[in-house]
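Spelled out from the first residue to the last, the chains are:
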Amino acid sequence: MVNKKERRAKIKARIRGRLSGTPERPRMTVFRSNKAIYVQLVDDLAGKTLVSASSRGMEEPGTKCEIAAKVGEKIAAKALEAGITTVVFDRNGYLFHGRVKSLADAARKGGLKF
């Protein structure tokens, strides 16, 4: 029997085998904890985080999905400011549903292409 963490690690490894970020088209990776959601734009060739955003320190009330959407808008604004318009989306083993989906939709609406 495979538990939840092992299942996610397996999916994550499969996804990361296919995806890689470059300076022109970085990998947009999402991490979801119980309390917060984090997103980074990573250049895998240099091994550097180009831009990051999270819901830590956000005082605005709302559901977890609404907060994730605000983080998506924030990462899109920071990425466009840094001259990044296209990314490769890495859902990091999470299902493309709920908070992950609302973050991705808000980032698309903010001007990122993926």
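Above this text sits the structure in question.
Residues numbered from 1 in each chain as written. Predicted model: local features only at pLDDT ≥ 70, side-chain atom pairs only at ≥ 80, totals over all residues. Heavy atoms only, no water.

**A few points about the layout of surface pockets**
Thinking step 1. The volume enclosed by the largest pocket comes to roughly 350 Å³.
Thinking step 2. Along its surface, the largest pocket is lined by 13 residues, and Lys4, Lys5, Arg8, Arg32 and Tyr94 are the ones closest to its centre.
Thinking step 3. Elements with a contribution of two residues or more to the lining of the largest pocket: α1 (4–18) and β1 (27–32).
Thinking step 4. Here the lining of the largest pocket gets four residues from one element, more than from any other, and that element is α1. (1 Å grid on protein atoms, 1.4 Å probe; cavity = no way out; pocket = protein on both sides within 12 Å on 5 of 7 lines; lining within 4 Å. Points joined across faces, edges and corners; volume = space filled by probe spheres on them. Helix = DSSP H or I, 4+ residues; strand = E, 2+ residues; numbered from the N terminus.)

**Quick look at α1**
Thinking step 1. The end-to-end C-alpha distance of α1 is 22 Å, a good match for the 21 Å that 15 residues give at a rise of 1.5 Å each.
Thinking step 2. If you check the start of α1, you find a side-chain oxygen 3.2 Å away from the backbone N of Lys5, and it comes from Asn3. (Expected span 1.5 Å × (residues − 1). Polar contact = N/O pair within 3.5 Å; in protein donor to acceptor, adjacent residues only side chain to side chain.)

**Observations concerning the sheet that holds strand β3 (residues 48–54)**
Thinking step 1. Taking strand neighbours across the sheet as the criterion, the four strands line up as β3-β2-β1-β4 in an open arrangement whose pairing is mixed. In this open sheet, the two edge strands, each paired with only one partner strand, are β3 and β4 (88–90). Ignoring strand direction, the axes of neighbouring strands in this sheet form an average angle of 20°.
Thinking step 2. The sheet contact formed by strand β2 (residues 37–43) and β3 spans six bridges and is antiparallel. From the neighbouring strand, Val39 faces β3, where its bridge partner is Ala53.
Thinking step 3. Along the sheet face, helix α3 (residues 99–109) touches β1, β2 and β4 and points at about 145° away from the line of β1. (Pairing = 2+ DSSP bridges. Axes fitted to C-alpha atoms, helices over the stretch in contact; angles between N-to-C directions. Contact = heavy atoms within 4.5 Å.)

Geometric values such as these leave the question of function open.
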